[in-house]
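Understanding the architecture of this molecule
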Amino acid sequence: MSINATLIIQIIVFALLVWFTMSFVWPPIAKALDERAKKIEEGLAAADHAKAELNDANKRVEEQLAHTREESTQRIADADRRAQDIVNEAKSRAVEEANKIIAAAKAEADLQATQAREALREQVAALAVKGAEQILKREVDAKAHSQMLEHLKAEL
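Since the structure is predicted, the reported quantities are computational estimates derived from the model, not experimental observations. (Residues numbered from 1 in each chain as written. Predicted model: local features only at pLDDT ≥ 70, side-chain atom pairs only at ≥ 80, totals over all residues. Heavy atoms only, no water.)

What about the overall build of the protein?
- Helix and strand content of the protein: two helices and zero strands.
- When each of the 156 residues of the protein is scored for burial, the buried share is 3%.
- For the protein, the exposed area adds up to about 13700 Å²; of that, 62% sits on carbon and sulfur atoms. (Helix = DSSP H or I, 4+ residues; strand = E, 2+ residues; numbered from the N terminus. Buried < 20%, exposed > 50% of the residue type's maximum accessible area, 1.4 Å probe, protein only. Areas by Shrake-Rupley, 256 points an atom, 1.4 Å probe, with all protein chains shown as cover.)

Side note on the packing of aromatic side chains
- Summed over the entire model, instances satisfying the criterion amount to two aromatic pairs.
- Taking 6.0 Å as the distance between ring centres and 90 degrees as the angle between the ring planes, the aromatic pair formed by Trp19 and Phe24 counts as edge-to-face.
- Considering the side-chain rings of Phe20 and Phe24, the 5.3 Å spacing of their centres and the 45 degrees angle between planes classify their relative orientation as tilted. Of the two residues, Phe20 and Phe24 both sit in helix α1 (residues 3-136), four residues apart, roughly one turn of that helix.
- Within the aromatic cluster, the residues linked to one another by ring pairs are Trp19, Phe20 and Phe24. (Phe/Tyr/Trp six-rings, centres within 6.5 Å; stacked < 30°, edge-to-face > 60°.)

Here we look at the UniProt feature "transmembrane region" (unreviewed entry) in the protein
- Feature annotation in UniProt assigns "transmembrane region" (unreviewed entry) to the following positions: residues 6-29.
- The straight-line gap between the two end C-alpha atoms of residues 6-29 is 31 Å; of that span, 100% is helix and 0% is strand. (UniProt positions renumbered as here; feature names shortened; annotations may be inferred.)

Side note on the pattern of salt bridges
- Enumeration according to the criterion identifies four salt bridges in this entry.
- For Glu71, the salt bridge identified is with Arg75, shortest N-O distance 3.2 Å. Here Arg75 and Glu71 lie together in helix α1, a separation of four residues that amounts to about one turn.
- With a shortest N-O distance of 2.1 Å, Arg81 and Asp78 are connected by a salt bridge. Residue Arg81 and its partner Asp78 are both found in helix α1; the two are separated by three residues, about one turn of the helix.
- Overall, the relative accessible area of 47% leaves Arg81 in the partly exposed class. (Salt bridge = Lys/Arg side-chain N within 4 Å of Asp/Glu carboxyl O.)

Put into structure tokens, the structure is as follows:
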């Protein structure tokens, strides 16, 4: 065989190999590569979509945090105002109660002073009667002279 015949046979075998590869081997490989490229493209699109969703979620979280901070600040301010109102109310009730106690104590003191004056008047009247007995050297009847003694008490 000559080089030409071998070369022609090798060209024919090579052509058959190329045809066989292009017909039966290359389409499944190309299909697999296309599917893989499509999956990669879908994955990248999903990643971009997930990144956009993450950014939106982060924005919503920041907005919610800001709203929560504002609400917390408002609640703290309301609680402070309420506490101040309670303290002021307690102070005013304490002042009212103190005024009532002071008024009751003054009334009690006035009553005791009046009672002490009455007791003192009675004692003075008794002493006056005793003194008059001593002066007159005779006994003065307290029952008989009650009107006079009442007048003496009133003068004292």
